[in-house]
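Close look at the chain arrangement
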Amino acid sequence: MLSVLIPTYNYNAFFLVKKIHQQLILENITFEIICLDDGSKSPLNVKNKEINKLSFSSFKSLEHNIGRSAIRNLLAQKATYDWLLFLDVDVIPVKSNFIKKYINCFAKDKTVFCGGLLYEDKIENVKLLRYKYGKKHEEISVEKRIENPDKYFFTSNFLIQKEAFNSVKFEEKLILYGREDLLFSLELINKEYNIEHISNEVYHLGLDKNDLFVAKTKEAMENLIFIDKQSLIDTTEMPLLGLVRKISAVKMTRIVGMFHLFFEKLAIKKSSVFFLNCMKVSYMCHLKLKHE
């Protein structure tokens, strides 16, 4: 009835899998948990192999890295059941009735369900740029998510029917980090699937240090340039692309692009979402010149 699909890379997945497994057993439904490591060859996979000892659960490590989109498509391909629950490996359910809430969604067809994200206000988190960014842009109330369903679609916690997934799939042309969720949500809407937001949140646990988060953000900007060049998205769906085009129209691309390293250093040093957003615009201008 339910396939829980967890992509991982160099991370201890056992803690999450055990929590989800406990809830599934309590609900007494037919299920499977499939966890795939994307070729990290991490020593943590020794612990991850413990997943294979849990009933109806499996862990396997791929020989080679295939990317964030491709591994999700592979997980869906391996899934046995009609409903697919995708979870990022670095999350944990907030409530003990997490699985039960998703089971209650099974009655609806043509609908994809998003549970939402929360960030723990721990002392070790609050100074991190990743925490600040997440609180501002990702920890969104269900009421606000409902108002703009495609904008707040995150791959970290969503339920979808296998038939719906197979008609959309993740864009495997995207190799680097980021933006695969945006393309996926827009394609769902194009195929006339409903995106329904519910209050069934997970905590995002794996918060990157500032320098790593900024590096991943730059990769996401590179993906965005690629998406634009490939005409995979309407510019109106992505305000950042629209802003960069306006900068280009007034011949300011080169000047704005010169400051991306300056903003990058400030974003890392000050854990500043403002300077991170400035870096995004500047780096996009830099990339646009580079690819012209």
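Rules behind the numbers
Residues numbered from 1 in each chain as written. Predicted model: local features only at pLDDT ≥ 70, side-chain atom pairs only at ≥ 80, totals over all residues. Heavy atoms only, no water. Helix = DSSP H or I, 4+ residues; strand = E, 2+ residues; numbered from the N terminus. Rg over C-alpha atoms; globule rule 2.2 N^0.38 Å. Buried < 20%, exposed > 50% of the residue type's maximum accessible area, 1.4 Å probe, protein only. Contact = heavy atoms within 4.5 Å. Areas by Shrake-Rupley, 256 points an atom, 1.4 Å probe, with all protein chains shown as cover. Lys, Arg positive; Asp, Glu negative; His and termini not counted. Charge placed at Lys NZ, Arg CZ, Asp CG, Glu CD. Pairing = 2+ DSSP bridges. Axes fitted to C-alpha atoms, helices over the stretch in contact; angles between N-to-C directions. Parallel < 35°, antiparallel > 145°, perpendicular 65-115°, else oblique. Nonpolar A, V, L, I, M, F, W, Y, C, P; charged D, E, K, R; others polar. Phe/Tyr/Trp six-rings, centres within 6.5 Å; stacked < 30°, edge-to-face > 60°. Lys NZ or Arg CZ within 6 Å of the ring centre and 35° of its normal. Left-handed = near helix turned anticlockwise from the far one by under 90°. UniProt positions renumbered as here; feature names shortened; annotations may be inferred. Salt bridge = Lys/Arg side-chain N within 4 Å of Asp/Glu carboxyl O. Polar contact = N/O pair within 3.5 Å; in protein donor to acceptor, adjacent residues only side chain to side chain.

This part is about the overall build of the protein chain. Helix and strand content of the protein chain: 13 helices and 10 strands. Whereas a compact globule of 292 residues would reach a radius of gyration of roughly 19 Å, the protein chain reaches 19 Å, a difference of no more than 12%. Viewed in the frame of its principal axes, the protein chain has a C-alpha envelope of about 60 × 40 × 40 Å. The buried share of the protein chain, reckoned over its 292 residues, is 54%. Pairs at least 24 apart in sequence give 79% of the contacts found in the protein chain among residues at least 6 apart. By element, 53% of the accessible surface of the protein chain is carried by carbon and sulfur atoms, the whole surface being about 14500 Å². Across the protein chain, the mean location of the 43 positive side-chain charges is 5 Å away from that of the 36 negative side-chain charges.

Take the sheet that holds strand β2 (residues 31-37) next. Spatially, the seven strands line up as an open sheet ordered β3-β2-β1-β4-β8-β6-β9, and their pairing is mixed. With one partner strand each, in any of the chains shown, β3 (57-61) and β9 (194-197) form the two edges of the open sheet. Across the sheet, the mean angle separating the axes of adjacent strands is 20° when strand polarity is ignored. Looking at chain direction, strand β1 (residues 2-8) and β2 are connected through seven bridges and run parallel. Of the residues in β2, the one forming a bridge with Leu 2 is Phe 31.

This part takes up the sheet that holds strand β7 (residues 117-118). The strand order across the open sheet formed by three strands is β5-β10-β7, and the pairing between neighbours is mixed. For this open sheet the edge positions go to β5 (91-93) and β7, each flanked by a neighbour on one side alone. Bridging between β5 and strand β10 (residues 202-204) involves three bridges; their strand directions are antiparallel. Within β10, the residue paired with Ile 92 across the bridge is Tyr 203.

Axis separation between helix α9 (residues 210-229) and helix α10 (residues 239-249) bottoms out at 11 Å; the angle between their running directions is 75°. With respect to α10, the axis of α9 lies roughly perpendicular. Contacts between α9 and α10 pair Met 221, Leu 224 and Asp 228 from the former with Leu 240, Leu 241 and Arg 245 from the latter. For the contact of α9 with α10, the per-class residue count stands at four nonpolar, no polar and two charged.

Now for the packing of aromatic side chains. In this structure the tally under the stated criterion is 18 aromatic pairs. Judged by centre distance (5.8 Å) and plane angle (55°), the rings of Phe 158 and Phe 184 are tilted. One end of the pair, Phe 158, is in strand β8 (residues 157-161); the other, Phe 184, is in helix α8 (residues 180-190), with 26 residues separating them in the sequence. Summarising the burial analysis for this pair, Phe 158 and Phe 184 share the class buried. Clustering of aromatic rings is evident, with ring pairs tying together Phe 86, Phe 153, Phe 158, Phe 165, Phe 170 and Phe 184. Its end group placed over the ring of Tyr 193, Lys 110 keeps NZ or CZ at 4.0 Å from the ring centre.

Attention now goes to the packing of α9 against helix α12 (residues 260-270). It is the contact of α9 with α12, at a shortest axis distance of 9 Å, that shows an interaxial angle of 140°. Between α9 and α12, the crossing angle belongs to the class labelled oblique. For α9 against α12, the interelement crossing comes out right-handed. Two secondary-structure elements touch here, α9 through Asn 210, Asp 211, Val 214 and Lys 218 and α12 through Glu 264, Ala 267 and Ile 268. Classifying every residue of the contact of α9 with α12 gives three nonpolar, one polar and three charged.

Our focus in this paragraph is unusual backbone geometry. Despite not being glycine, Lys 41 has its phi angle at roughly 55°, a positive value. A relative accessible area of 56% means that Lys 41 is categorised as exposed. The phi dihedral of Ser 271 is positive, around 50°, even though this residue is not glycine. Within the fold, Ser 271 resides in the loop between α12 and α13 (273-291). Judged by relative accessible area, Ser 271 falls into the buried class, the value being 9%.

Right, let's get into the UniProt feature "domain: Glycosyltransferase 2-like" (unreviewed entry) in the protein chain. Under the present numbering, the feature "domain: Glycosyltransferase 2-like" (unreviewed entry) in UniProt falls on residues 3-165. As annotated, residues 3-165 comprises 33% helix and 23% strand, and the C-alpha atoms at either end are separated by 13 Å.

A separate point is the pattern of salt bridges. Applying the stated criterion across every chain, the model contains 12 salt bridges. Here Lys 122 ties to Glu 120 by a salt bridge, and the two come within 3.6 Å at their closest N and O atoms. Residue class for Lys 122 comes out partly exposed when judged on its relative accessible area of 37%. Between Lys 191 and Glu 187 there is a salt bridge; the shortest N-O distance is 3.5 Å.

For Lys 218, the location among the structural elements is in helix α9. Side-chain polar atoms of Lys 218 contact the side chain of Glu 264, separated by 3.0 Å. Leaving out residues up to four positions away in the same chain, Lys 218 has contacts with Glu 264, Met 279 and Tyr 283.

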